[in-house]
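Listed below are the residues making up each chain.
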There are 2 protein chains.
Amino acid sequence: MTTILRGNILHTPAFGRLETAPGGFLILEDGVIEGVFERLPERYAACPVTDYGGALILPSFADMHLHAPQYAMMSMGMDLPLLDWLDTYTFRTEARYEDTDFAREVYRQLARDLLAWGTTRVVMFASRHTDATLILMEELERAGVTGLVGKVNMDRNGGPAQETTEDSIRETLRWLENCHFEHIKPIITPRFTPSCTDGLMAELGKIARERNLPVQSHLSENTGEIAWVKELHPDCGQYWETYKKYGLWKDGALMAHCVHSDRREQEAMAEAGVWAVHCAASNLNLCSGTAPVREMIDRGLRVALGSDVAGGETLSMAHMTAMTIRASKLKQMETGAPFFTVPEALYLGTAAGHRYFGAKGGFQPGDALHAVVVDDSDMPASAKELSLAERLERILYNMERKHIKAVYSEGRLVHRA
Amino acid sequence: MTTILRGNILHTPAFGRLETAPGGFLILEDGVIEGVFERLPERYAACPVTDYGGALILPSFADMHLHAPQYAMMSMGMDLPLLDWLDTYTFRTEARYEDTDFAREVYRQLARDLLAWGTTRVVMFASRHTDATLILMEELERAGVTGLVGKVNMDRNGGPAQETTEDSIRETLRWLENCHFEHIKPIITPRFTPSCTDGLMAELGKIARERNLPVQSHLSENTGEIAWVKELHPDCGQYWETYKKYGLWKDGALMAHCVHSDRREQEAMAEAGVWAVHCAASNLNLCSGTAPVREMIDRGLRVALGSDVAGGETLSMAHMTAMTIRASKLKQMETGAPFFTVPEALYLGTAAGHRYFGAKGGFQPGDALHAVVVDDSDMPASAKELSLAERLERILYNMERKHIKAVYSEGRLVHRA
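Residues numbered from 1 in each chain as written. Chains lettered and ligands numbered in written order. Predicted model: local features only at pLDDT ≥ 70, side-chain atom pairs only at ≥ 80, totals over all residues. Heavy atoms only, no water.

Undergrad: How should the side chain of His-403 of chain B be read in this particular structure?
TA: On the secondary structure map, His-403 of chain B appears in the loop between helix H14 (388-398) and strand E16 (404-409). On the basis of relative accessible area, His-403 of chain B is assigned to the buried category, the value being 1%. The residues contacting His-403 of chain B, other than those within four sequence positions of it, are Arg-401 of chain A together with Val-373, Val-374, Asp-375, Asp-376, Asp-378, Met-379, Ile-395 and Asn-398 of chain B. (Helix = DSSP H or I, 4+ residues; strand = E, 2+ residues; numbered from the N terminus. Buried < 20%, exposed > 50% of the residue type's maximum accessible area, 1.4 Å probe, protein only. Contact = heavy atoms within 4.5 Å.)

Undergrad: Please clarify how the packing of aromatic side chains should be interpreted in this entry.
TA: Given two aromatic rings, their pairing is described by the distance between the two centres and the angle made by the two planes. All chains considered together, the criterion is met by 18 aromatic pairs over all chains. A centroid spacing of 6.4 Å and a plane angle of 80° characterise the contact between Phe-15 of chain A and Phe-340 of chain A, whose relative ring orientation is edge-to-face. One end of the pair, Phe-15 of chain A, is in the loop between strand E1 (2-14) and strand E2 (17-29); the other, Phe-340 of chain A, is in the loop between helix H11 (317-335) and helix H12 (342-349), with 325 residues separating them in the sequence. Owing to a relative accessible area of 2%, Phe-340 of chain A belongs among the buried residues under this scheme. When the centroid spacing of 5.1 Å and the interplanar angle of 20° are considered together, the rings of Tyr-97 of chain B and Tyr-107 of chain B count as stacked. On the criterion of sequence distance, the pair formed by Tyr-97 of chain B in the loop between helix H1 (82-95) and helix H2 (100-116) and Tyr-107 of chain B in helix H2 is long-range, its members being ten residues apart. (Phe/Tyr/Trp six-rings, centres within 6.5 Å; stacked < 30°, edge-to-face > 60°.)

Undergrad: How should I be thinking about the environment of Thr-119 of chain B in this particular structure?
TA: Residue and element names in this part refer to chain B. Inspection of the secondary structure assignment puts Thr-119 in strand E6 (residues 119-125). In the structure, Thr-119 is positioned 37 residues away from Leu-82 in sequence and 27 Å away in space, judged by C-alpha atoms. The residues touching Thr-119, leaving out its near neighbours within four places in the chain, are Phe-61, Asp-63, Leu-114, Leu-315 and Met-317.

Undergrad: Looking at this structure, how should I read the sheet that holds strand E13 (residues 275-278) of chain B?
TA: Within a sheet, adjacent strands bond to each other through the backbone by hydrogen bonds, running parallel or antiparallel. All names here are of chain B. Strand order across the open sheet formed by four strands is E11-E12-E13-E14, with parallel pairing between neighbours. The strands lining the two open edges of the sheet, one partner per strand, are strand E11 (216-219) and strand E14 (302-305). The sheet shows a mean angle of 30° between the axes of neighbouring strands, taken without regard to direction. Both E13 and E14 contribute to a ladder of four bridges, which runs parallel. Counterpart to Trp-275 in the pairing with E14 is Arg-302. (Pairing = 2+ DSSP bridges. Axes fitted to C-alpha atoms, helices over the stretch in contact; angles between N-to-C directions.)

Undergrad: When you look at the relation of the copies chain B and chain A in this model, what are you seeing that I'm missing?
TA: Each of the two chain copies can be brought onto the other by rotation about an axis and movement along it. The two copies are related by a screw operation: chain B maps onto chain A through 180° of rotation and 0.0 Å of translation along the axis, at an RMSD of 0.0 Å. The symmetry that links the two subunits is that of a two-fold axis. Identified as the residue of chain B closest to the rotation axis by C-alpha distance is Glu-400 of chain B, at 3.0 Å. (Least-squares fit on C-alpha atoms with pLDDT ≥ 70 in both.)

Undergrad: Explain empty space enclosed by the protein here, please?
TA: Think of a ball as big as a water molecule: rolled over the atoms, this probe shows where empty space is left. The final tally for this structure, using the stated rule, is seven cavities of 30 Å³ or more. Quantified by volume, the largest cavity comes out at close to 400 Å³. Those elements that place two or more of their residues in the lining of the largest cavity are H11 and helix H14 (388-398) of chain A together with helix H11 (317-335) and H14 of chain B. In terms of residue class, the lining of the largest cavity is built from 15 nonpolar, eight polar and seven charged. (1 Å grid on protein atoms, 1.4 Å probe; cavity = no way out; pocket = protein on both sides within 12 Å on 5 of 7 lines; lining within 4 Å. Points joined across faces, edges and corners; volume = space filled by probe spheres on them. Nonpolar A, V, L, I, M, F, W, Y, C, P; charged D, E, K, R; others polar.)

Undergrad: Mind showing me how you'd approach the pattern of salt bridges here?
TA: For the structure on display, the rule yields 64 salt bridges over all chains. As a salt-bridge pair, Lys-245 of chain A and Asp-235 of chain A come within 2.7 Å of each other at their nearest N and O atoms. You can see Lys-245 of chain A sitting in the loop between helix H7 (239-244) and strand E12 (254-257) and its partner Asp-235 of chain A sitting in the loop between helix H6 (223-232) and H7, a full ten residues away along the chain. The class of Lys-245 of chain A is partly exposed, set by a relative accessible area of 37%. Assessed through its relative accessible area of 53%, Asp-235 of chain A is described here as exposed. The closest approach of N and O atoms between Glu-139 of chain B and Arg-104 of chain B, which form a salt bridge, is 2.9 Å. You can see Glu-139 of chain B sitting in helix H3 (residues 130-143) and its partner Arg-104 of chain B sitting in helix H2, a full 35 residues away along the chain. (Salt bridge = Lys/Arg side-chain N within 4 Å of Asp/Glu carboxyl O.)

Undergrad: Whenever I open this one, the state of the cysteines confuses me. Can you help?
TA: By definition, a disulfide links two cysteine residues through a covalent bond between their sulfur atoms. All told, the structure shown has zero disulfides over all chains when counted by the stated rule. Free of any disulfide, Cys-236 of chain A has its nearest cysteine sulfur in Cys-196 of chain A, 14 Å distant. (Disulfide = S-S within 2.5 Å.)

Undergrad: Looking at this structure, how should I read H11 of chain A?
TA: Residue and element names in this part refer to chain A. An ideal rise of 1.5 Å per residue puts 27 Å on 19 residues; H11 measures up with 26 Å between its terminal C-alpha atoms. Within H11, 15 of the 19 residues are buried, leaving the element largely enclosed by the surrounding structure. If you check the start of H11, you find a side-chain oxygen 3.5 Å away from the backbone N of Ala-318, and it comes from Ser-316. Just beyond H11, the residue with positive phi is Gly-336, at close to 85°. (Expected span 1.5 Å × (residues − 1). Polar contact = N/O pair within 3.5 Å; in protein donor to acceptor, adjacent residues only side chain to side chain.)

Undergrad: Would you take a moment to explain the interface of chain B and chain A for this structure?
TA: How big an interface is tends to be stated in terms of the accessible area lost upon association of its parts. Facing 53 residues of chain B, the contacting portion of chain A comprises 53 residues. For the pair chain B and chain A, the number of links is six salt bridges. Arg-401 of chain A is paired through a salt bridge with Glu-400 of chain B; the nearest N and O atoms lie 2.7 Å apart. Between chain B and chain A we count 32 residue pairs in polar contact (both at pLDDT 80 or more) in total. Among the elements of the structure, H1, H2, helix H9 (280-285), H11, helix H12 (342-349) and H14 of chain B are those that each provide at least two residues to the side of chain B that touches chain A. Looking at which element gives the most residues to the side of chain B that touches chain A, the answer is H11 of chain B, with six residues. Partitioning the side of chain B that touches chain A into residue classes produces 24 nonpolar, 14 polar and 15 charged.

Undergrad: Got a minute to help me understand helix H5 (residues 198-210) of chain B in this structure?
TA: An α-helix turns once per 3.6 residues; consequently, residues spaced three or four apart project the same way. All names here are of chain B. The end-to-end C-alpha distance of H5, which contains 13 residues, comes to 18 Å, matching closely the 18 Å that a straight helix rising 1.5 Å per residue would cover. Here H5 has its buried residues at Leu-200, Met-201, Leu-204, Gly-205, Ile-207 and Ala-208. Taken around the axis of H5, the buried residues stretch over an arc of 165°, which confines them to a single face. Projecting away from the buried face of H5 at angles above 90 degrees are the exposed residues Arg-209 and Glu-210. For H5, the elements touching its buried residues are strand E8 (152-153), helix H4 (165-177), strand E10 (189-190) and helix H7 (239-244). Of the residues trailing H5, Asn-212 is marked for its positive phi of about 55°. (Arc of directions from axis to C-beta.)

Undergrad: Would you explain unusual backbone geometry in this entry?
TA: A negative phi angle characterises most non-glycine residues, just as the trans form characterises most peptide bonds. A cis amide bond links Val-309 of chain A with the next residue in sequence, Ala-310 of chain A, at an omega value of 10°. Locating Ala-310 of chain A in the fold gives a position in the loop between strand E14 (302-305) and H11. Backbone geometry places Asp-308 of chain A, a non-glycine residue, at a positive phi of 50°. On the secondary structure map, Asp-308 of chain A appears in the loop between E14 and H11. The residue Cys-258 of chain B is not glycine, and still its phi comes out positive at about 55°.

Right, here's the structure in full:
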């Protein structure tokens, strides 16, 4: 089946390279991109066209790190020191997901709101609860969100949110046996080194290897955490080695934050094929620091973006893309590393995440369509004719849900406003 | 005439002091606040009540520094170095306001959008054009926005946006003769020291003194600018002295930015009664630095917030309030100065601006009502009953125009959504 979308098409097929097709045509066969055309090729002349008029058609966003249960406490308690915040909000909130009705309510809203903000690919932490994690996967699948979800493992230092080592392993296996979703797959998720005993880490490494599953965790988010990890693993020279020791440091592993990853840790990531997930808003909200993202990219690391809800304050990945530019401006003031341009940041917030999932990224032939249609007609009158690049920058900094008119995920229209 | 509003009332009558009245009553006589009551006093039992149900009722925002003509170029070209940005966008855009039809279109939209974002008090730079400046004042007055607007004066270094010294003075006088608005008043506006010859500065100081008019300008925004001012005025030890020299450094003068104001400059402000307008987003967007706002407040300076559109990327003062907290977290990481709490930042974004205009700030008896009604019912389900303080924090970080249901300015309902 041929689908043709018409509008002002913008995408970044490579880091920093913005391509535009004003009033162009995006042609799909069974939801898979055939190509972007400035004029409609003759052979499609008889096909119906979905005309989005003056709207912008962009790749959808990919949120490569967020904590689904924390959606219920988003943007609260951010005045608190990190440990108080964890005790007062995070662990108590996560413990509530024992209640599957509560899980259903929050996760249904989360799935809907992700699409309303234009995010169609995700990599998520759930809570420790197997049943709630399966509900989350089911709600995402039903809404049309795609990606990876992990039942969280934590058998120490987790207050009411933790579990025993035995429960953690048994429930992980039960969870994996029940993951039968088409577009939402499991990812092994040790919360972070301080939350997992050596025995649990070893077992998770084994499961990931035997079942060929990807891994996600946190790395070098703040200096206190790094010192704590050092205490727990005096045999490991650096934080990342605590994952390597148990087989959790592997190609395609996603490590959130990496704010304080130095040259050696970055090189270890690049060598192993580990990805860094940059969470600009969270790093500022929690006073973690400013991640050296330009340096990582120059070193060949693969980097994508995450909202880190609820360390981050919103699901809006447009906001996170803008925050990535802001954080890079801070870094420039600090170290002189050039800040990210809009096409660079857009790539990180869209194509980079899609590439993690094996797509080419941008609107390239052969990829299933992941796109958002953005109506910016309520933006101010301007003093001159605007280029699509100018309109892109303006709406990235000003995106409200009202601007997102349609969302396509895996080739299907999944949201209309 | 008695008006009674019911809802979840929050306000900050003093810096950092949040007061709440869940399901409370805000009582007005002819638009002027009588008081906030937890229960409806007996004597009002017969009066009709406007019941906003579960919505939050907050003081409206005050945007104490923005460039009205730059609304037409908001969020564009922020990848450019400052001087290129000024040449490519700012001066060219401002030159367009020679065209009064264009001015009318942009300024009408600006006035409407300010209210849609909950801002009812402003202090603005217009362009050099007298007629467009009067149109701006007329459109603000008509919409129900209150505050101060300045015809910009710049007789050097302004490219196509500048004027001759004679024109600048003559047009300033013509503008002042035609300012007949009830809620929008004039403010003397030398753009900044590098834009104004000594002769023009002296004349503006004289006009401000003779007509008892307030003054606004820019101060110590970035290090390049400070060096430039030093070159232009080798006789002045510090930037602020270039304003003092011409009678422009006076009680109630508003100085935008003050990013690099040191102890001596801050003390000069405190002594003279000059206000600092903190523009957190702009300072980050333009790589200006992080202003020492906590230090200023500790030193007794009066500080309020500005969007600095188009150095800032949005009219949303909720966003600017959140950015003020973020910028203060950066400053804490740098110097250890404690970051701003939500009640502190809310005060700066609301009550501080209202106090500039002679109000007490917060919902205190005797003040004309300036308020926004915020519906946060689309925020995520939560794991527990939320306090009003928690809901305030969440919506400040997540405000979209859709959340703002009603806006009151100077005691009148001026916007409904």
